[in-house]
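These are the residues of each chain, in order.
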Amino acid sequence: MRKSRGRQKVEMVKMPNESNLQVTFSKRRSGLFKKASELCTLCGAEIAIIVFSPGKKVFSFGHPCVEALIERFVTRNPPPSSGTLQLIEAHRNANVRELNAQLTQVLNQLEMERKRGEELNKLRKASQAQCWWELPIEEMEMHQLEQLKASLDELKKNVTQQADRILIQTSSNANPPTQLIFPTQIPTPTTTNGPNQQPGLFVVDPKNIISHLPFNYGSYGSRGFF
Amino acid sequence: MTRKKVKLAYIANDSARKATYKKRKRGLMKKVSELSTLCGIEACAIIFSPYDSQPELWPSPIGVQRVLSQFKKMPEMEQSKKMVNQETFLRQRIAKANEQLKKMRKDNREKEITRLMFQSLTAAKGLHGLNMLDLNDLGWLIDQNLKDITIRIDSLKKPSLPQPQAQAQAQAPPTTQPQTAAWLMELVSPQDQMGFVGDDMLLPFGDQTYNHNNAMWSNAFFP
């Protein structure tokens, strides 16, 4: 799933391709502001950067603020200093400190998720080497598709039943049942290895399963993972 | 250069801070210059530091003045529309990072539930330990997969080509317009298990007026 071209060596001339130029501007401008922001935080510098886009829009970054810095440059005056101003600046710096901490935290969480994602990808690849049913369905043959479908249908029934069981249990904890509704044990599944069965897949005899209330996903207001 | 992770906070150590300032200031100037050259745009940078009474400038004092006057000429609203300071900039970065995090978590959750699905399929893992949330998502994912499989099965069955064992059914029923289209698509990209050469099959299957059609079919299937 390689989307970007990675680090490329770039010749220092105006980019020939118009759309690449636009993308480059967007990315590099963002990176430039990020570097400026870091320099301000790390070393206590006060920086103003003004950049015109290829579309003639203007972007600017300024710490503490663009206008004040421009003023200071133009008039060549040392920055004004007063009790009030120092207080304002201290307050602003405290905000920035907190925001930086927040940003760091989110970036760390992001990194953790990324690593977790890679782990999961690795595991998936490994099991795809062992199990044909984990491969993309586009690569399957008809008999494989049909068997997988049958197994999934069965699994679906089990999931529904298990969900019902939990539902009943949670509601019955409030009102102890006067009689048993469900069997106390789910039937032990038997793996049948008929002529159409590929080894490894597990199919439960439907006769062993009693399903009662249909499990309505809608009642949980969930559409999956969204 | 070493790639140690730097904490995003004011560097307390004076000499370390000064060294960092020198390096990063140089790097920043380089980046502005590159941006300007690569994209053919005007830019300027003004850097005030505790180490120098005079600001560091790019491209040059005159260059900065030129860009500043260009900037000032623009309407007030245009100037401030894309103006940020530390606070606003950091908030934007935080928002973007949170978006990415949300998406990544969702993708990882789907990967986990997929794994769970395949594990419970082979009874490697029971459904007992799962809570309602997991069961809910698992059920949803199973439904998604069943839907895709059904679509796939249908698309393979659609072209009503006779199976090898249905030799007697060489006469195919006349096909309606959309079915013919699907069948033609099937021709264009024949399935491996069909095992015939595409060239033989250019004549429409549903055309019953030419008997030799069926003969060609027979030849193709049963060499």
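In this text the structure is predicted, and so the values were computed from the model without any measurement.

A.B. asks: Describe the environment of Leu42 of chain A, with residues and values.
C.D. replies: For Leu42 of chain A, the location among the structural elements is in helix H1 (residues 18-43). Sequence-distant contacts of Leu42 of chain A, defined by excluding residues within four places in its chain, comprise Val6, Lys7, Ala9, Tyr10, Ile11, Arg17, Thr20 and Arg24 of chain B.

A.B. asks: Explain the nonpolar core to me, using residue names and the numbers behind them.
C.D. replies: As a rule of thumb, soluble globular proteins bury nonpolar side chains together. Ranked by internal contacts, the top residues of the largest apolar core, which has 31 residues, are Ile47 and Ile49 of chain A. The element best represented in this core is H1 of chain A, accounting for nine residues. Discounting residues that sit within four places of it in the chain, Ile47 of chain A has contacts with Ala36, Leu39, Cys40, Phe61, Gly62, His63 and Leu69 of chain A together with Leu28, Ile46 and Ile47 of chain B. Met140 of chain A together with Met117, Leu130 and Trp140 of chain B belong to the second largest nonpolar core, which has 30 residues in total.

A.B. asks: I'd like to hear about the packing of helix H2 (residues 66-75) of chain A against helix H2 (residues 61-73) of chain B, residue by residue, with values.
C.D. replies: Contact pair H2 of chain A / H2 of chain B: the axes reach a minimum separation of 12 Å and the direction vectors enclose 130°. With respect to H2 of chain B, the element H2 of chain A is oriented oblique. When you trace H2 of chain A past H2 of chain B, the crossing you get is left-handed. Mapping the contact onto sequence places Glu67, Ile70, Phe73 and Val74 of chain A in H2 of chain A and Pro61, Val64, Gln65, Leu68, Phe71 and Lys72 of chain B in H2 of chain B. Classifying every residue of the contact of H2 of chain A with H2 of chain B gives seven nonpolar, one polar and two charged.

A.B. asks: Tell me about the pairing of strand E1 (residues 43-49) of chain B, residues and numbers included.
C.D. replies: Of all seven residues in E1 of chain B, seven are buried; the element is thus mostly enclosed. The alternating pattern of E1 of chain B places Ala43, Ala45, Ile47 and Ser49 of chain B and Cys44, Ile46 and Phe48 of chain B on opposite faces, both of which are buried. Where strand E1 (residues 46-52) of chain A lies against E1 of chain B, six bridges are found, and the strand directions are antiparallel. Each residue of the ladder has a partner; that of Ile50 of chain A, found in E1 of chain B, is Cys44 of chain B. Note: E1 of chain B against strand E2 (residues 52-58) of chain B, four bridges, orientation antiparallel. Bridge pairing links Ser49 of chain B to Asp52 of chain B in E2 of chain B.

A.B. asks: So, the interface of chain B and chain A: which residues are in play, and what are the values?
C.D. replies: Each partner contributes to the interface: chain B provides 98 residues, whereas chain A provides 105 residues. Across the chain B/chain A interface, buried area totals approximately 9,700 Å², and carbon plus sulfur atoms make up 71% of it. Across the contact surface, chain B and chain A share six salt bridges. Here Glu112 of chain B ties to Arg116 of chain A by a salt bridge, and the two come within 2.8 Å at their closest N and O atoms. Seen at the junction of chain B and chain A, the total is 21 residue pairs in polar contact (both at pLDDT 80 or more). Counting residues per element, the side of chain B that touches chain A draws most heavily on helix H4 (residues 86-121) of chain B, at 26 residues.

A.B. asks: Please give an account of the state of the cysteines that cites residues and values.
C.D. replies: All told, the structure shown has zero disulfides over all chains when counted by the stated rule. For the unlinked cysteine Cys40 of chain A, the closest cysteine sulfur is that of Cys43 of chain A, found at 9.2 Å.

A.B. asks: Quick one: what's the story with the UniProt feature "coiled-coil region" (unreviewed entry) in chain B, residue by residue and with numbers?
C.D. replies: Feature annotation in UniProt assigns "coiled-coil region" (unreviewed entry) to the following positions: residues 87-114 of chain B. Overall, residues 87-114 of chain B shows 100% helix and 0% strand. The separation of its end C-alpha atoms is 41 Å.

A.B. asks: With reference to specific residues and values, describe helix H3 (residues 83-130) of chain A.
C.D. replies: Taking 1.5 Å per residue, 48 residues should reach 70 Å; H3 of chain A reaches 71 Å between its end C-alpha atoms and fits that length. Among all positions in H3 of chain A, only Val96, Leu99, Asn100, Leu103, Val106, Leu110, Glu113, Gly117, Leu120 and Ser127 of chain A are buried. As for H3 of chain A, its buried residues are in contact with H1 of chain A together with H4 of chain B.

A.B. asks: Let's hear about the side chain of Glu87 of chain B: which residues, and what values?
C.D. replies: Along the chain, the position of Glu87 of chain B falls in helix H4. The side chain of Glu87 of chain B is buried and forms no salt bridge, while Arg91 of chain B, the nearest opposite charge, is found at 4.4 Å.

A.B. asks: Describe the packing of H1 of chain A against helix H1 (residues 14-39) of chain B, listing the residues and the values that go with them.
C.D. replies: It is at 10 Å that the axes of H1 of chain A and H1 of chain B come closest, and there the two elements cross at 165°. When the axes of H1 of chain A and H1 of chain B are compared, the pair comes out roughly antiparallel. Considering only the axes of H1 of chain A and H1 of chain B, their crossing is left-handed. Contact residues: Leu21, Thr24, Phe25, Arg28, Arg29, Leu32, Lys35, Ala36, Glu38, Leu39, Leu42 and Cys43 of chain A in H1 of chain A; Arg17, Thr20, Tyr21, Arg24, Lys25, Leu28, Lys31, Val32, Glu34, Leu35, Leu38 and Cys39 of chain B in H1 of chain B. Split into classes, the residues belonging to the contact of H1 of chain A with H1 of chain B amount to 13 nonpolar, two polar and nine charged.

A.B. asks: How would you explain the confidence of the model for chain A if you had to name every residue and give the values?
C.D. replies: Where the model shows low pLDDT, its predicted coordinates should not be examined in detail. All names here are of chain A. Averaged over every residue, the pLDDT of chain A is 81; residues scoring 70 or more account for 76%. When pLDDT is averaged over each element of chain A, E1 comes out on top at 97 and helix H4 (residues 142-172) at the bottom at 90. This model gives residues 185-200 a pLDDT under 50, and the stretch forms 20 contacts once residues within four places in sequence are excluded. This stretch, residues 202-223, has a pLDDT under 50; its non-local contacts, to residues over four places away or in other chains, come to 49 contacts.

A.B. asks: Outline the sheet that holds strand E3 (residues 83-84) of chain B, supporting the account with residue identities and numerical values.
C.D. replies: Strand order in the open sheet made by the five strands is E2(B)-E1(B)-E1(A)-E2(A)-E3(B), with mixed pairing throughout. On the outer flanks of this sheet lie E2 and E3 of chain B, each paired with one strand and no other.

Parameters and conventions
- Residues numbered from 1 in each chain as written.
- Chains lettered and ligands numbered in written order.
- Predicted model: local features only at pLDDT ≥ 70, side-chain atom pairs only at ≥ 80, totals over all residues.
- Heavy atoms only, no water.
- Helix = DSSP H or I, 4+ residues; strand = E, 2+ residues; numbered from the N terminus.
- Contact = heavy atoms within 4.5 Å.
- Core = buried A, V, L, I, M, F, W, Y, C linked by side-chain atoms within 4.5 Å.
- Buried < 20%, exposed > 50% of the residue type's maximum accessible area, 1.4 Å probe, protein only.
- Axes fitted to C-alpha atoms, helices over the stretch in contact; angles between N-to-C directions.
- Parallel < 35°, antiparallel > 145°, perpendicular 65-115°, else oblique.
- Left-handed = near helix turned anticlockwise from the far one by under 90°.
- Nonpolar A, V, L, I, M, F, W, Y, C, P; charged D, E, K, R; others polar.
- Pairing = 2+ DSSP bridges.
- Buried area = accessible area lost by both parts, 1.4 Å probe.
- Salt bridge = Lys/Arg side-chain N within 4 Å of Asp/Glu carboxyl O.
- Polar contact = N/O pair within 3.5 Å; in protein donor to acceptor, adjacent residues only side chain to side chain.
- Disulfide = S-S within 2.5 Å.
- UniProt positions renumbered as here; feature names shortened; annotations may be inferred.
- Expected span 1.5 Å × (residues − 1).
- Lys, Arg positive; Asp, Glu negative; His and termini not counted.
- pLDDT = per-residue confidence, 0-100.

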